[in-house]
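Below are the chains, spelled out letter by letter.
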Amino acid sequence: MNMTDDARSNARKSMEKLRREPEPDILKALIQRADSDSETRSKIMGEAGGLLADLRAAQNRGWVNQFLQQYQLNSSEGIALLSLAEAFLRVPDPATADFLIADKLGDADWRAHTGKSNSRLVNSATWGLVVGRALVGEGHSGPLRRLIARAGEPFVRQAVGAAMRMMGEIFVMGRTIDEALKRMTRPEHQGFTASFDMLGEAARTAADAAHYFEAYTRAIDAVGRAAEAGHSISVKLSALHPRYEVAQYDACVPALIEMLEALAVQAAARGIALTVDAEEQDRLDMSLDIIGAVAGLPALAGWDGFGMAVQAYGKRARPVIAWANALDRVMNVRLVKGAYWDSEIKRDQVEGLENYSLFTRKAATDVCYLACARDMLDAGNIRPAFASHNALTVATIVEWAGNARDFEFQRLHGMGDGLYERLVREHDYRCRIYAPVGGHKDLLAYLVRRLLENGANSSFVHQLADEHKSDEDLLADPVEKVKAVGGTRHPSIPLPRDLYQPERINSAGLDLGNRVVLEAVRQAVNTPHPLMAEGAMAAYDAVHASEAIDRAHAAFPGWTARAVDERAGMLEKLGALLEEHRNELMALCIQEARKSIPDALAEVREAVDFCRYYAARARADLQSVELPGPTGERNMMHLDGRGVWATIAPWNFPLAIFLGQTVAALVTGNTVVAKPAPQTPRIAARAVELAHEAGVPDDVLILVPGGPEVGAAITADLRIQGVAFTGSTGTARRIAQSLLAAEERAILPLIAETGGINAMIVDSTALPEQVVQDVITSAFRSAGQRCSALRLLLIQEDVAPGMIAMLKGAMDLLTVGDPGDPATDVGPVIDQAAYDKLMSYRDGAHEKWLKTVPVPEDELFVPPTLIEIDAIEDLKQEWFGPVLHYTTWPSGKLIETIRRVNEKGFGLTMGLHSRIARAAEVTEAHAHVGNLYVNRAMIGAVVGSQPFGGERLSGTGPKAGGPHYLFRFVAERAVSIDTTSAGGNASLLSLDEGGI
């Protein structure tokens, strides 16, 4: 290793250390690096004050600035306009366009903005919004509505369309690279250069990636023809490969290195610069591997135009800069605040990670930005670029740089007007405009989402538009802000582990976006588990149902007499043991139930969450309660165990559902005879062992493996006092009938969770890329073997062809194979019977296939298949595997479509993809389902957040993981005592109301 190799290695080690380190520990060093002495601070404030004055002056110039000032992004009206812009241009049909307009304009107070702007154009636009609000709000019989009907002109729709295209002009530099280059020659851009990006959604298909690669190639040629102008190109790696994911590292990284090399060589030959944009934090290590490989290519030696972006909201930003400085070349580094804050925070919470990869306070990000800026100014091999719209940040860099001009500033097209003009034209600083290029229909939606996601009220741009903010407020030192709170995390953003506190601890996840972690997991889960050895289950096979019920029946009085707190404590200990044994439990889930690595991890986490959630609910809900009544009477309500419960679990969630049902029965004071599915007894056996280790007595929880005959014997026993079952509708019906068959038997509670013909409805406002991603996840993850999985895709006919084409392209990218391989998306189905049933149905529908995916011939792989049907009514039963059915629905028929789905009789899950809030309200009001998912995937319900369970043919309720679940397991007993016969109410004697 040479010195640069050592430096790069040390930087990567530092990144790994900082990945999950607490904010206060990281900020100590950042504060020292970002701070300025009092004299320097005074100079910075003087410069910042001048820049702020320039900015304020620019706010009053031009209709664009005044429009943004009038409709601030943190106001309801501003958000309504942006939400309209996000969806309107992709809606082809008039009915949905009108619905969308009414939805977004209908509730905002546009009249309050009339005449408030200095711009006549803005005031005219405001009056248009007022009229539009009146039109969409007064119903079909109002005078304006009648006038429109007579005129025959949908002028509101036309006016909104024109306004959206005007917004496109604000944020998009040009629809083509030639148009963007021409626009950069306008007088307002004098002295500025541009970095053009053929921006859009990340690629979802190979065709998307090829399209973006060609767009970058054409842009490099076009910019290269005018290389003397100094413009450059920005490249987004996720646009070049549709599976840019850590789990797909071996496939995507070599391919991306090859493509980025081709673009970089082309840019070098054309004499222009090329910068690799930043991606989400879980892709950072991959990005650096790709950038590092291309940076070291001999073909690029001597070219100083290669660069990368670094996001200051990431805790690893400083070592990333150190890594870039240690490359054997000059690197252009663009420092940005960060683009995906909301989604990054949510990801870390959902994954249950130890800490956040980002800073949780805006001020902490600003401090990190300044520390990184100082590092970049001092670095020998970095040519810095500072992207900011913050006057104080710019003034600080100007002061720190002194007389140097060997760096540049950057700003977004459409934002920051006035900040840099004086610096560029009078003081010879350089500034580059980040300029998105592409069609407004696709690009405006992407940019608006980024704007909304990063539109926190703490943003400098938003505060600048707030007339109540003083110069002092706007120029407050972020270093002092961070010092004032001791560098602590934002109080409204708990650590992922504390997300559900004070009720319970969140289950701990694993960062599968970390290749080191992922490789360790891969090795652990592919080590054969001892229970998988032949004969390992012999002792459990010898258990007989009748003997098990004898033992559980005898153990019931002692168990139910224990305090709720004691039983809850055992569940919490079991949750801790499950986490302690996470790797071996994941291995069992993969080796016995054929789950993928992410599914196996989710399975263990859900089981942990069930234990902790039900323990918390038991402590809160199962205490005796004194009820009101007249003087001289005491009324109490007690909740007691019923007796022996049978829990019958499915093979598709052999740990989570098996334990969820079982621990709910246990914590409520019942003893349990637990029957796992015959396909997955080993997972259940290990779970029961851990429950016993947690303190649950052997006779209180007894595992009884076996097939349907064992289940029938258990439910037929008259000593069983309740049944919790998850499985098919047919089996649930047979259990219900058996519980009522004997006249001498008590009427027992049955908790049944069954399947469904689960539909996803997609309208023309939906974002196709998001729809396709959620369809792939909902229909094919877990090989479609979830009761919540998507079975019926219903797309509005106006947009169906394009979405189906994208879906077919995304299906081409599915990896079908070994579930123990991190790259696998779809594994085998559970057994031969399931395989034969699915393949027979699929083969019989061959003429209706729209798409199928090749699979390995060994093992039980059912090819993911998309089948077109003529009507909703044609799908008559659930097919439990990776088989998705599709048909269309007509514009304006949402309620009728929901009704037709309802008429199938099931009621488990439903999905809706729409940008119309009213559409979500309509669906919520009319859909007869237990779980409705809007603009997200339909699987992966989280304990305590999304209680899960269906109605009608899909189950009895109450919902698993919900606040009412435990009550079905208990007997409610009211006790009323007349105390007047035993001396009356002594408390009355203490009332000082005087005597006789």
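Within each chain, residue numbers correspond to sequence positions counted from 1 in written order. pLDDT decides what is reported in this predicted model: residues at 70 or higher carry local features, side-chain atom pairs at 80 or more are listed and counted, and totals for whole chains, interfaces and linings draw on all residues regardless. Side-chain descriptors were evaluated using all non-hydrogen atoms of the structure, hydrogens and water having been removed beforehand.

**As for the packing of aromatic side chains**
Phase 1 of the analysis: Only Phe, Tyr and Trp rings take part, Trp by its six-membered ring, and two of them pair if their centres are within 6.5 Å. Stacked means planes under 30 degrees apart, edge-to-face means over 60, and tilted covers everything else. One pass over the structure, following the stated rule, counts 14 aromatic pairs.
Phase 2 of the analysis: Ring centres 6.1 Å apart and planes at 35° place the aromatic pair Trp303 and Phe306 in the tilted group. Just as Trp303 is buried, Phe306 falls in that class too.
Phase 3 of the analysis: Considering the side-chain rings of Phe409 and Tyr429, the 6.2 Å spacing of their centres and the 50° angle between planes classify their relative orientation as tilted. Here Tyr429 lies in the loop between helix H18 (421-427) and strand E8 (430-436) and Phe409 lies in strand E7 (residues 408-412), a separation of 20 residues in the sequence. Residue exposure (1.4 Å probe, protein chains only): buried if accessible area is under 20% of the type maximum, exposed if over 50%, otherwise partly exposed. Every helix listed is a DSSP run of H or I at least four residues long, and every strand listed is a run of E at least two residues long, numbered separately from the N terminus.

**Observations regarding helix H29 (residues 656-667)**
Phase 1 of the analysis: Expected span, for any helix, means 1.5 Å times one less than how many residues it has. Over its 12 residues, H29 runs 16 Å from end to end, which matches the ideal 16 Å to within 8%, given 1.5 Å per residue.
Phase 2 of the analysis: Counting buried residues in H29 gives 12 out of 12 residues, a clear majority hidden from the surface.
Phase 3 of the analysis: Buried within H29 we find Ala656, Ile657, Phe658, Leu659, Gly660, Gln661, Thr662, Val663, Ala664, Ala665, Leu666 and Val667.

**Some details on the pairing of strand E21 (residues 909-913)**
The two faces of a sheet get side chains in turn, since along a regular strand they alternate between them.
Phase 1 of the analysis: Counted residue by residue, E21 has 5 buried out of 5 residues, so it is predominantly covered.
Phase 2 of the analysis: Burial of E21 is two-sided: the residues Thr909, Gly911 and His913 facing one way and the residues Met910 and Leu912 facing the other way are all buried.
Phase 3 of the analysis: Two strands are said to pair when DSSP picks up at least two bridges between them. Direction of pairing for strand E16 (residues 759-762) relative to E21: parallel, over a ladder of 4 bridges. Each residue of the ladder has a partner; that of Ala759, found in E21, is Met910.
Phase 4 of the analysis: Pairing between E21 and strand E22 (residues 931-934): 4 bridges, direction parallel.

**Concerning the confidence of the model for the protein chain**
Phase 1 of the analysis: Across the chain, each position has a pLDDT score giving the predictor's confidence in that residue, from 0 to 100. Of all residues in the protein chain, 89% attain a pLDDT of 70 or more, and the chain-wide mean is 89.
Phase 2 of the analysis: By definition in these notes, contact holds between two residues if any of their heavy atoms fall within 4.5 Å. Across residues 135-153, confidence stays below pLDDT 50; counting only partners more than four residues off in sequence or on other chains, it has 19 contacts.

**As for the side chain of Ser388**
Phase 1 of the analysis: As for its placement among the helices and strands, Ser388 is situated in the loop between strand E6 (382-387) and helix H17 (391-401).
Phase 2 of the analysis: Polar contact is defined as a pair of N or O atoms within 3.5 Å, subject to the rule that within protein one atom must be able to donate a hydrogen and the other to accept it, and that residues adjacent in sequence are counted only when both atoms are side-chain atoms. In this structure the side chain of Ser388 is engaged in a polar contact, spanning 3.0 Å, whose partner is the backbone nitrogen of Asn390.
Phase 3 of the analysis: Residues contacting Ser388, with those up to four places away along its chain left out, are Lys337, Tyr369, Thr393, Val394, Gln410, Arg411, Leu419 and Tyr420.

**Notes on the pairing of strand E14 (residues 720-726)**
Phase 1 of the analysis: Counting buried positions over the 7 residues of E14 gives 6, a clear majority of the element.
Phase 2 of the analysis: Bridge analysis of strand E11 (residues 644-648) against E14 gives 5 bridges, and the strand direction is parallel. The residue bridging Trp645 from the neighbouring strand is Gly722, located in E14.
Phase 3 of the analysis: Of the strand pairs in this sheet, E14 and strand E15 (residues 750-753) are connected by 4 bridges, and their pairing is parallel. Bridge assignment links Ala724 to a residue of E15, and that residue is Ile751.
Phase 4 of the analysis: Convention used here: a crossover is right-handed provided that the path from the first strand, over the helix, to the second strand proceeds clockwise when the strands point away from the viewer. After leaving E14, the chain enters helix H32 (residues 729-741) and then returns to the sheet as E15, a path that is right-handed.

**Section: the packing of helix H26 (residues 564-580) against H29**
Phase 1 of the analysis: Only the stretch in contact is used when fitting a helix axis, every axis being a line fitted to C-alpha atoms; angles between N-to-C directions are given from 0 to 180 degrees. One can describe the packing of H26 onto H29 by two numbers: an axis separation of 9 Å at closest approach and a directional angle of 155°. One finds that H26 runs roughly antiparallel with respect to H29. Relative to H29, H26 is oriented so that their crossing is right-handed. Contacts between H26 and H29 involve Arg567, Ala568, Leu571, Leu574 and Leu578 on the former and, on the latter, Leu659, Val663, Leu666 and Val667. An angle below 35 degrees is read as roughly parallel, one above 145 as roughly antiparallel, one from 65 to 115 as roughly perpendicular, and any other as oblique. In a left-handed crossing the near helix is turned counterclockwise from the far helix by less than a right angle, and in a right-handed crossing that turn is clockwise.

**A few points about the sheet that holds strand E10 (residues 633-641)**
Phase 1 of the analysis: Here 3 strands make up an open sheet; going across it, the order is E9-E10-E23 and the pairing antiparallel. Two strands close off the open sheet at either side, each with one partner strand: strand E9 (625-627) and strand E23 (970-978). The mean angle between the axes of side-by-side strands here comes to 25°, regardless of whether they run parallel or antiparallel.
Phase 2 of the analysis: Where E10 lies against E23, 9 bridges are found, and the strand directions are antiparallel. Bridging from a neighbouring strand, Met636 pairs with Val975 of E23.

**Details of the environment of Arg361**
Phase 1 of the analysis: Tracing the backbone shows Arg361 in the loop between helix H15 (341-350) and helix H16 (362-378).
Phase 2 of the analysis: Its relative accessible area of 18% is what places Arg361 among the buried residues.
Phase 3 of the analysis: Here the alpha-carbon distance between Arg361 and Tyr313, two residues 48 residues apart in the chain, equals 9.0 Å.
Phase 4 of the analysis: Apart from the residues lying within four places of it in its own chain, the contact partners of Arg361 are Glu23, Val485, Thr488, Arg489, His490 and Pro491.
Phase 5 of the analysis: Reaching out from Arg361, the side chain makes a polar contact with the backbone oxygen of Thr488 at a distance of 2.7 Å.

**Some remarks on unusual backbone geometry**
Only a minority of non-glycine residues have a phi that is not negative, and only a minority of peptide bonds are not trans.
Phase 1 of the analysis: Gln501 connects to Pro502 through a cis peptide bond whose omega is 10°.
Phase 2 of the analysis: Following the sequence through the fold, Pro502 ends up in the loop between helix H22 (478-484) and helix H23 (515-525).
Phase 3 of the analysis: That bond from Gly957 to Pro958 is cis: its omega, -5°, falls within 30 degrees of zero.
Phase 4 of the analysis: Of note, Ala783 is a non-glycine position whose phi angle comes to about 55°, a positive value.
Phase 5 of the analysis: One can find Ala783 in the loop between helix H33 (768-780) and strand E17 (792-796).

**Here we look at the packing of H23 against helix H27 (residues 582-593)**
Phase 1 of the analysis: The contact between H23 and H27 brings their axes to 8 Å, and the two run at 65°. The way H23 lies across H27 gives a crossing that is right-handed. Where H23 approaches H27, its residues Val521, Ala524 and Val525 are matched on the opposing element by Asn583, Met586, Ala587, Ile590 and Gln591.
Phase 2 of the analysis: Residue composition of the contact of H23 with H27, by class: 6 nonpolar, 2 polar and no charged. Basically, the charged four are Asp, Glu, Lys and Arg, the nonpolar ten are Ala, Val, Leu, Ile, Met, Phe, Trp, Tyr, Cys and Pro, and anything else, Gly included, counts as polar.

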